[in-house]
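Residue-level structure breakdown
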Amino acid sequence: DRIVSSSKSDAASEIKETKPPEVKSLQVKFLAAFWLLRCGYWMSGPYVVPAYKSKVFGGVEASMGLVSKIFLSGFAATAIFGPSIGQATDKYGRKAGTIAFALLYSLGCASIKSNTLWMLFAGRAVVGCALSLLFSAPEAWVAGEASRKNITKYLGETFGLAYTGDALVAIIAGKLASWAAGMRGVTGPFDLSIVFLAAGAVVAGLFWKENKAVAAASAPSSDDSGKSAKKGSIKEAFDIVRGDQKLMLVGAVQSLFEAAMYVFILQWPPAIAGAVSSYFGEGVTTPFGTIFSCFMTCSLLGSLTFGKLLKRKNTLTESAATGMLAAAAVSMGAGAYLTSGATISLAGIMGALCLYEACVGMYFPAIGTLRSKYVPDDNKSVILSLFGIPLNTLVVLAYLFVKQLGMSGALGVSSAALAIATGCMAKLRSIAEKEAAEA
């Protein structure tokens, strides 16, 4: 009897754990477009700073100070237009927002071939607007579809797959970028990027069903039209965030972590180039694409580690994220220390930055899972864009003072931001643990 009842319960649990077919269908549609678009995005990653630095104005090569100012135009555009872009995405459709990202980012990639300074600034501003869409529209689309199909409990798994695969995509993109740079110079990867962006837009256009924010998509009745008009507004989204401590903590973690990440993006090429020169001698070409692929391999390991941690019984996303943020703060602090001397240890800086990239690999599925848990769907794109305001303010400040801070100082500031983010996540973890105990 015991054997029979045991096999019955095993069979029941197997039936229970069977994934509904609509989950697989949604994941295939989402991931195919998402990975193509991310490949287009990553393709430009290793060569964006070298491409700007290769420009010559008035017979003088562009300085890091000028490169920082070009980047600033992108961050300023994100901060100024991000919330309005998020509001429009919720109102007119997340699929449309995703396709608009591909178009705008392609224009930004095309602009980098120009030798006209104002065109480079304008192109970077367009990239800033495009990134507002990349970091909100696809996520909002898949969350909206999961909500409509009542399969939101699979979002954590979906984001885990998305960012584990994203790391593999980035590794491939880094190799392809190196090949394109070898064939057509430092602007070659940007040409190839446009091909992948177009392919991603076509897949989303053909296979994604349009979805909008619930409030924006539903027609208001005559007696509450005033209330509905406010739905999905920037003010309403701001009030929601301000009134919810958990949302504020998620926003703080996102702003602090990603601000540190953008400072890292500006600093890693010169840090690695300096270490390569110290080790191999002056005049050696730094293989940025290959190093980028190494970073993405570490990011992949981080994503896989996050997936394994979540499969452990009673492991909260908040707990895994707290440990990841602490490790990120330590690794960035090590990077700051290693770059403070006259010479940079190649093994040391690569070790520190690879550990940080493993943390980045854990961060994206973690923050995606937390946003799906805490951010309401009917204001999702607007709220995610609001998180971008403090993020871009922090980045603008760091970039404005990058000359005074120097490489070591900039990485030190990033380490401090990550330490604060660790504290915010620890607070969110304690709230989540308390709620789980009370449930």
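Before reading on, note that the structure itself is shown above.
Here goes a summary of the coordinates provided. (Residues numbered from 1 in each chain as written. Predicted model: local features only at pLDDT ≥ 70, side-chain atom pairs only at ≥ 80, totals over all residues. Heavy atoms only, no water.)

1. A word on a nonpolar patch on the surface
The line we're drawing: A patch is a set of surface residues, each over 30% in relative accessible area and not in a salt bridge, joined within 9 Å for like charges and within 5 Å for the nonpolar side chains Val, Leu, Ile, Met, Phe, Trp and Tyr. Per-residue accessibility takes into account occlusion by the displayed protein chains alone, with areas from the Shrake-Rupley method and a 1.4 Å probe. Each reported salt bridge corresponds to a side-chain nitrogen of Lys or Arg within 4 Å of a carboxyl oxygen of Asp or Glu. Starting at the N terminus, helices and strands are each numbered in turn, a helix being any DSSP run of H or I of at least four residues and a strand any DSSP run of E of at least two.
There is a patch of nonpolar side chains on the surface, built from L397, L400, F401, L405 and V413 and spanning about 440 Å² of accessible area. Of all the secondary-structure elements, those providing two or more residues to the nonpolar patch are helix 17 (380–400) and helix 18 (402–438). Structurally, the position occupied by V413 is in helix 18.

2. Here we look at the packing of aromatic side chains
One pair of aromatic rings is described through two measures. These are the centre distance and the angle between the planes. To be explicit about the condition: Working definition: a ring pair exists when centres of Phe, Tyr or Trp rings (six-membered ring for Trp) sit within 6.5 Å. Plane angles under 30 degrees give stacked, over 60 give edge-to-face, the rest tilted. Categorising residues by exposure relies on relative accessible area from a 1.4 Å probe, with only protein chains included: less than 20% of the type maximum marks a residue as buried, more than 50% marks it as exposed, and the intermediate range marks it as partly exposed. Consider the ring centre and the ring normal. A charge sits over the ring if Lys NZ or Arg CZ is within 6 Å of that centre and within 35 degrees of that normal.
Applying the stated rule across the entire model yields 20 aromatic pairs. On the basis of an interplanar angle of 80 degrees and a centroid distance of 5.2 Å, the ring pair of W268 and F295 is categorised as edge-to-face. Of this pair, W268 sits in helix 13 (residues 245–280) while F295 sits in helix 14 (residues 288–311), and the two are 27 residues apart along the sequence. Residue classification places W268 among the buried residues on the basis of a relative accessible area of 5%. Seen from the ring of F364, R38 lies directly overhead, with NZ or CZ sitting 6.0 Å from the centre.

3. Examining the side chain of T422
Under the convention used in this document: In protein, a polar contact requires one atom able to donate a hydrogen and another able to accept it; more generally it is a pair of N or O atoms within 3.5 Å, and residues adjacent in sequence count only if both atoms are side-chain atoms.
Assignment of secondary structure puts T422 in helix 18. Classification of T422 as buried rests on a relative accessible area of 13%. Among the polar contacts listed, one links the side chain of T422 to the backbone oxygen of L325, at a separation of 3.3 Å.

4. Brief notes about helix 8 (residues 155–184)
Threshold: Under the convention used throughout, the expected extent of a helix is 1.5 Å for every residue step, that is, one less than its residue count.
Over its 30 residues, helix 8 extends 40 Å from the first C-alpha to the last, a length consistent with the 44 Å expected when each residue adds 1.5 Å. G185 lies just past helix 8 and shows a positive phi near 85 degrees.

5. A word on empty space enclosed by the protein
Heads up, the condition is: Using only the protein atoms, space was sampled on a 1 Å grid; points where a 1.4 Å probe fits but cannot get out form cavities, open sets with protein on both sides within 12 Å along at least five of seven lines form pockets, and lining residues are those with an atom within 4 Å of a point. Grid points are joined across faces, edges and corners, and a volume is the space filled by probe spheres set on the points.
Tallied over the full model, the rule gives four cavities of 30 Å³ or more. By volume, the largest cavity is sized at about 510 Å³. Here the lining of the largest cavity takes six residues from helix 13, the largest share from any one element. In this structure, the second largest cavity encloses a volume near 250 Å³. Looking at the second largest cavity, it is lined by 20 residues, and the ones nearest its centre are T78, L131, S132, F135 and N392.

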